[in-house]
Amino acid sequence: MIKEVPILEGVEVKLEGNELTVRGPKGELKRKFQHHAVKMEVKDNKIVVSSENNRRKIKAIVGTWAAHVKNMMIGVTKGWQAKLKIVYSHFPIKFSVEGNKAVIQNFLGERDGRTARIYDDVRVELKKDVVVVTGINKEHVGQTAANIESAAKVKGFDRRVFQDGIHLIQKCTPIEDGEG
């Protein structure tokens, strides 16, 4: 099983042992890839992920590694973005960013604020009632969006009636020119 990922223009790739370093105009990402049956190498402006073994689980790992490498290259060239919408009916939700935490106040009239963790390499900003999460690491952007969404979950009430919260409206997608 062999998967080839072409190296994008403007991206510099370096493989040292198990650690892959991808550097581009937006920044640098590092990740360790380690499995006894799967090899990764840089050849002819391509990253080749291969395995001698053709078992289903090994094929899945080869495909996963190729997808991770592609996502790393897109991240350092374009960046990743996710969007969430703030929805409320009675109590206006106050959303703010304090350091590496997103603070959600007045959710369903609660006195105490709720917090969500923001990864260090991720930027969160509020544009009217839309929360925009951006960064170069797709997994960190997605996890930060999930943290914000789960911090504003309605618990103990019927979700069909109480639809307040911060809901994901755009999954993690590459930032197109002109956006963010």
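Here's what I pulled together on the structure shown here. (Residues numbered from 1 in each chain as written. Predicted model: local features only at pLDDT ≥ 70, side-chain atom pairs only at ≥ 80, totals over all residues. Heavy atoms only, no water.)

## Focus: the environment of Leu29
Following the sequence through the fold, Leu29 ends up in strand β4 (residues 27–32). In contact with Leu29, not counting residues within four places along its chain, are Leu20, Thr21, Val22, Met72, Val76, Ile136 and Asn137. (Helix = DSSP H or I, 4+ residues; strand = E, 2+ residues; numbered from the N terminus. Contact = heavy atoms within 4.5 Å.)

## A look at the side chain of Asp164
You can see Asp164 is positioned in the loop between α2 (138–151) and β13 (165–174). Salt bridges are absent for the buried Asp164, whose nearest opposite-charge side chain, Arg159, sits at 9.2 Å. Those residues in contact with Asp164 that sit more than four places away from it in its chain are Val87, Tyr88, Ser89, His90, Phe107, Leu108, Ala152 and Val154. (Buried < 20%, exposed > 50% of the residue type's maximum accessible area, 1.4 Å probe, protein only. Lys, Arg positive; Asp, Glu negative; His and termini not counted. Salt bridge = Lys/Arg side-chain N within 4 Å of Asp/Glu carboxyl O.)

## Observations concerning the pairing of strand β9 (residues 101–105)
As paired strands, strand β8 (residues 94–98) and β9 are joined by 5 bridges and run antiparallel to one another. Its bridge partner being in β9, Glu98 is matched across the sheet by Lys101. A loop of 2 residues connects β8 with β9, the two strands running antiparallel in sequence, and Gly99 in this loop sits at a positive phi of about 65°. Summarising the sheet, β9 and strand β10 (residues 114–117) pair through 4 bridges and their orientation is antiparallel. (Pairing = 2+ DSSP bridges.)

## Here we look at the packing of aromatic side chains
Two aromatic rings are characterised by how far apart their centres lie and by the angle between their planes. Under the definition given, this model contains 2 aromatic pairs. On the numbers, 4.7 Å between centres and 45° between planes, the contact of Phe157 with Phe162 is tilted. You can call Phe162 partly exposed: its relative accessible area is 31%. One cation-aromatic arrangement involves Arg117 over Tyr119; the distance from NZ or CZ to the ring centre is 4.2 Å. (Phe/Tyr/Trp six-rings, centres within 6.5 Å; stacked < 30°, edge-to-face > 60°. Lys NZ or Arg CZ within 6 Å of the ring centre and 35° of its normal.)

## Focus on the sheet that holds strand β1 (residues 2–6)
What the 3 strands build is an open sheet, ordered β1-β6-β5; its pairing is antiparallel. Looking at the sheet topology across the chains shown, the edges are occupied by β1 and β5 (39–43). The average undirected angle you get between the axes of adjacent strands in this sheet is 20°. Across 5 bridges, β1 lies against strand β6 (residues 46–50) in antiparallel orientation. Its bridge partner lying in β6, Ile2 is registered against Ser50. Across the sheet, helix α1 (residues 56–77) is in contact with β1, β5 and β6; its angle to β1 comes to roughly 5°. (Axes fitted to C-alpha atoms, helices over the stretch in contact; angles between N-to-C directions.)

## Details of the sheet that holds β8
Taken in spatial order, the 3 strands line up as β8-β9-β10 in an open sheet, and their pairing is antiparallel. The sheet is open, and its two edges are formed by β8 and β10, each paired on a single side. When strand polarity is set aside, the average angle formed by the axes of neighbouring strands in this sheet is 25°. Here α2 sits on the sheet and contacts β8, β9 and β10; the angle it forms with β10, its principal contact strand, is near 165°.

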